[in-house]
Amino acid sequence: MEPVAGAHGPAPVRVVLADDEPLLRAGLRTVLQVGGTIRVVAEAGDGDALLAAVDEHRPDVVLADVQMPGIDGLAALRILCARPDAPPAAVLTTFDLDDYVAEALRIGVQGFLLKDAEPEALVRAVRDVAAGGAVLDPRITARLLPRLAAGSAQPASPRPPDLTLRENQVLGLLAAGESNAAIACHLGLAEATVKKYVSALLVKLGAQNRVQAALLAQGWGGG
């Protein structure tokens, strides 16, 4: 039976979880579901199974490893992210897979999580991705910035461009992983107005999507 919203709060975030290691999937499933705010509706051990699970279950979020047998996670996410009705996706990675993560960034993945993330951080990240936020583990930000700049058709600015006060406020919240709705609430703006600010920021920053913008902003903040 599918979960429904009720007296105890909104329905859990529905997740399709993909990794080729059954024991890791079992551990992740336990971590994600322990608080009752997330439900793993399907698991997959390769890219083909991932795409089939998404088609069958229509999840709120896809959480996938980038390296799997057959059609690997990255190839499956490339197919998935090209769909107009694709659910938001986050990838699980390790420190030695920077090239995979950089490619995932270019195809439109919204979250980047290290496999050794704290359980609370993993749960929070999945919920943030479901809400439309951009999630970036701060430990991989500096490693990805050079690849982002080198791989962009319009090279991203190596330093912050001139932004208005409001644009800086929006960018700061975006870099913190907030969704448009959350940014609107923080700043007392209409969500449609926030969308316009985000669109303008992408142009000024030379970023392809909000995740790239957040990555750049985190890099500037760390410099």
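Cut-offs and rules
- Residues numbered from 1 in each chain as written.
- Predicted model: local features only at pLDDT ≥ 70, side-chain atom pairs only at ≥ 80, totals over all residues.
- Heavy atoms only, no water.
- Buried < 20%, exposed > 50% of the residue type's maximum accessible area, 1.4 Å probe, protein only.
- Helix = DSSP H or I, 4+ residues; strand = E, 2+ residues; numbered from the N terminus.
- Pairing = 2+ DSSP bridges.
- Right-handed = clockwise from strand over helix to strand, strands pointing away.
- Expected span 1.5 Å × (residues − 1).
- Arc of directions from axis to C-beta.
- Salt bridge = Lys/Arg side-chain N within 4 Å of Asp/Glu carboxyl O.

Looking at this structure, how should I read the pairing of strand 2 (residues 38-44)?
The side chains of a regular strand alternate, first on one face of the sheet and then on the other. With five of seven residues buried, strand 2 is to be regarded as a mostly interior element. Alignment of strand 1 (residues 13-18) against strand 2, held across six bridges, turns out to be parallel. Bridged to V16 within strand 2 is A42. In this fold, the crossover linking strand 1 to strand 2 by way of helix 1 (residues 22-33) has right-handed handedness.

Can you help me understand helix 9 (residues 191-205) in this one?
The first and last C-alpha atoms of helix 9 sit 21 Å apart over 15 residues, in line with the 21 Å expected at 1.5 Å per residue. When helix 9 is considered as a whole, its buried residues turn out to be V194, V198, L201, L202 and L205. Along the axis of helix 9, the buried residues cluster in a sector spanning 100°; they form a single face. Facing away from the buried surface of helix 9 by more than 90 degrees, the exposed residues are A192, K196 and V203. Immediately downstream of helix 9, the backbone of G206 shows phi near 70°, a positive value.

Teacher, can you tell me more about the pattern of salt bridges here?
Side chains carrying opposite charge are able to pair once their charged atoms draw close together. A complete count under the given rule lists seven salt bridges for this structure. The partner of K115 in a salt bridge is D19, with the nearest N and O atoms 3.3 Å apart. Residue K115 is located in the loop between strand 5 (111-114) and helix 5 (119-130), and its partner D19 is located in the loop between strand 1 and helix 1; the two are separated by 96 residues in the primary sequence. E43 is the partner of R25 in a salt bridge, and the nearest nitrogen-oxygen pair spans 2.9 Å. Of the two residues, R25 is situated in helix 1 and E43 in strand 2; the sequence distance between them amounts to 18 residues. The class of R25 is buried, set by a relative accessible area of 15%. Within the structure, one salt-bridge network assembled from shared partners comprises D19, D65 and K115.

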